[in-house]
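The primary structure of each chain is shown beneath.
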Amino acid sequence: MIKRIFSAVIISLIFIQIQAQPKIDPSSIREKMQWFADAKLGIFIHTGIYAVDGIDESWSFHNKKISYPDYMKQLKGFTLKNYDPAAWADLIQQSGARYAVVTTKHHDGVAMYDTKMNDLSIVKSTPAKKDMIKPFFEELRKRNIKCGAYYSLIDWSHPDYPGFLKDSSKYQVEKDYDRWNRFRKFFQGQISEISTQFKPDLWWFDGDWEHSAEQWESEKVRSIILAGNPKAILNGRLQGWGDYDTPEQNFPVSRPKFNWWELCMTSNDNWGFHHDNNWKTPYEIITIFVDAVSNGGNLLLDMGPKEDGTIPDEQVNILKELGSWNKKHGEAIFNTVGGIPQGHFYGPTTLSKDSTSLYLFLHGNVNGTVMLKGLNNKIEEISVVGNGQKLTHKVVGKISWSPVPGLVYIDVPGDIKDKYVTVLKLKLDKPIKLYRGQGGLN
Ligand code: GLC
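Residues numbered from 1 in each chain as written. Predicted model: local features only at pLDDT ≥ 70, side-chain atom pairs only at ≥ 80, totals over all residues. Heavy atoms only, no water.

Participant: Explain the layout of surface pockets to me, using residue names and the numbers behind them.
Facilitator: Estimated volume of the second largest pocket: approximately 350 Å³. Lining the second largest pocket are 21 residues, and of these Ala 37, Asn 259, Gly 296, Val 337 and Gly 338 sit closest to its centre. Taken together, the elements giving at least two residues each to the lining of the second largest pocket come down to helix H3 (34–39) and strand E8 (337–338). Element by element, the count of residues in the lining of the second largest pocket is highest for H3, at four residues. For the lining of the second largest pocket, the residue count by class is eight nonpolar, eight polar and five charged. (1 Å grid on protein atoms, 1.4 Å probe; cavity = no way out; pocket = protein on both sides within 12 Å on 5 of 7 lines; lining within 4 Å. Points joined across faces, edges and corners; volume = space filled by probe spheres on them. Helix = DSSP H or I, 4+ residues; strand = E, 2+ residues; numbered from the N terminus. Nonpolar A, V, L, I, M, F, W, Y, C, P; charged D, E, K, R; others polar.)

Participant: Can you explain the pattern of salt bridges? Please cite residues and give values.
Facilitator: On inspection of all chains with the given rule, the structure shows 24 salt bridges. A salt bridge links Glu 248 to Arg 237; the shortest N-O distance between them is 2.8 Å. Here the residue Glu 248 occupies a position in the loop between strand E5 (233–234) and strand E6 (262–265), and Arg 237 occupies one in the loop between E5 and E6, the gap between them amounting to eleven residues. In this structure Glu 248 comes out as partly exposed when scored by relative accessible area, which is 37%. You can call Arg 237 buried: its relative accessible area is 9%. (Salt bridge = Lys/Arg side-chain N within 4 Å of Asp/Glu carboxyl O. Buried < 20%, exposed > 50% of the residue type's maximum accessible area, 1.4 Å probe, protein only.)

Participant: Which residues make up the environment of Val 404, and what values do they have?
Facilitator: Within the fold, Val 404 resides in the loop between strand E14 (393–396) and strand E15 (407–412). Of the residues examined, Val 404 reaches a relative accessible area of 24% and is grouped as partly exposed. Along the backbone, Val 404 and Gly 439 are 35 residues apart, and their C-alpha atoms lie at a distance of 5.9 Å. Beyond its immediate sequence surroundings of up to four residues, Val 404 is in contact with Lys 398, Tyr 435, Gly 439 and Gly 440. (Contact = heavy atoms within 4.5 Å.)

Participant: Requested: an account of the site of the ligand, with residues and values cited.
Facilitator: In the vicinity of the ligand, 14 residues are found, and the nearest of them are His 46, Glu 57, His 106, His 107 and Glu 248. Within the side chain of His 106, an N or O atom sits 2.8 Å from an oxygen atom of the ligand. With respect to the ligand, the side chain of Arg 237 contributes an N or O atom lying 3.2 Å from an oxygen atom. Isolated, the ligand exposes 310 Å² of accessible area, and the fraction of that covered by the protein chains is 96%. Among the residues making up the shell around the ligand, the classes are represented as seven nonpolar, three polar and four charged. (Near = heavy atom within 4 Å. Polar contact = N/O pair within 3.5 Å; in protein donor to acceptor, adjacent residues only side chain to side chain. Areas by Shrake-Rupley, 256 points an atom, 1.4 Å probe, with all protein chains shown as cover.)

Participant: Describe the packing of helix H13 (residues 282–294) against helix H14 (residues 313–329), listing the residues and the values that go with them.
Facilitator: Running from amino to carboxyl end, H13 crosses H14 at an angle of 50°, the nearest separation of the two axes being 9 Å. Looking at the two axes, H13 sits oblique to H14. For the pair H13 and H14, the crossing hand works out as right-handed. From H13, Pro 282, Ile 285, Ile 286, Phe 289 and Val 290 reach across to H14, where they touch Asn 317, Ile 318, Glu 321, Leu 322, Trp 325 and Asn 326. Of the residues belonging to the contact of H13 with H14, the class tally is eight nonpolar, two polar and one charged. (Axes fitted to C-alpha atoms, helices over the stretch in contact; angles between N-to-C directions. Parallel < 35°, antiparallel > 145°, perpendicular 65-115°, else oblique. Left-handed = near helix turned anticlockwise from the far one by under 90°.)

Participant: Can you lay out empty space enclosed by the protein for me, pointing to particular residues and giving the numbers?
Facilitator: The tally for this structure, following the rule as stated, stands at one cavity of 30 Å³ or more. Quantified by volume, the largest cavity comes out at close to 30 Å³. Classifying every residue of the lining of the largest cavity by side-chain character gives three nonpolar, six polar and no charged.

Keep in mind these numbers describe shape, not what the thing actually does.
Shown next as structure tokens:
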């Protein structure tokens, strides 16, 4: 019995692996991915009718916390009466982010623009009566910030989508291809609309888990998008037909193997506006951000505006604090590459693209010395990023004839401390070389 369960688990693991195999050859997309790799920080915006009552976006009716008719009553309360897309774009720019991703339609099926594919949009069915995507993208583009469109493949309001409640009986797509085809025409029609009207630089699909690549026609979806904009980047939630991975809320413990990845994360414990005060502190956000970048990834930090279009003060504060930290330390973050492998330094690191500068990130209280192992370079200079102060160091344990490089101790006086994370820059004599041998003569 145990053996059977074991082999079933192994088979399903292999299946998941096969399913998750990306279909895209990384070398074919390297060039278009460059801005994304350099950008490091994006801002995610979950805006939708769920902000009216401040309940879980779409999931609240799916999980039956609220009935579907009651959820939909929120349409009447979505006003956007204080929506100021220029102010949103200013705040995003201030945070240091290089791209933003906004919900064009969540799983509830309510389009945030004037879709012609049905009447369920904030333009036709709410007092807001306007498209919120176009003016926002215009403001972002004025500030050189790349524009991303979140689009939920799942549509729990569409009559031809199979099942909108957690346990509602779903029709079998295989048994009713006419019905499924009607839905496919609908969602692919919306993708064409978004593509032609807003020309997103990045597509952020969601909900691919409910159907296979064949059922979504992921390859076709990809080609519709790339026909409109060959440089568009697609996130990985397209059953293998996207360009990068999206670990959600989950900070990878060891460095992910993906070429490109982005941690998407809430700033409290919800994506949309909610009555939830468990805000992350700027210190927590900055340390998570640094950790992602040091592991070769990006952070997509979420905010959830209110139904009137204003952004909660706590979120504004987080973005502003993150922005001032970025302003001071941007050199160690933007346009860098992931740092050295764990074990050489007890903390996050990044490298300049030519790998002749190594940045060390020191969390919290620093006062005393920090140590670096296995650095096979000469350090030309150590400075504090953002204030330029020079620091001294010494190398111990280096025997002239041995390949072991010894340990580097850097003196860190308490008065250089940043309020959140202090950054040191080590200028090296040549591209970084690490010693990972066993000691002795090898
Ligand atoms: C999940 C959820 C969704 C949320 C998204 C953001 O996939 O279904 O509600 O928008 O994560 O990453």
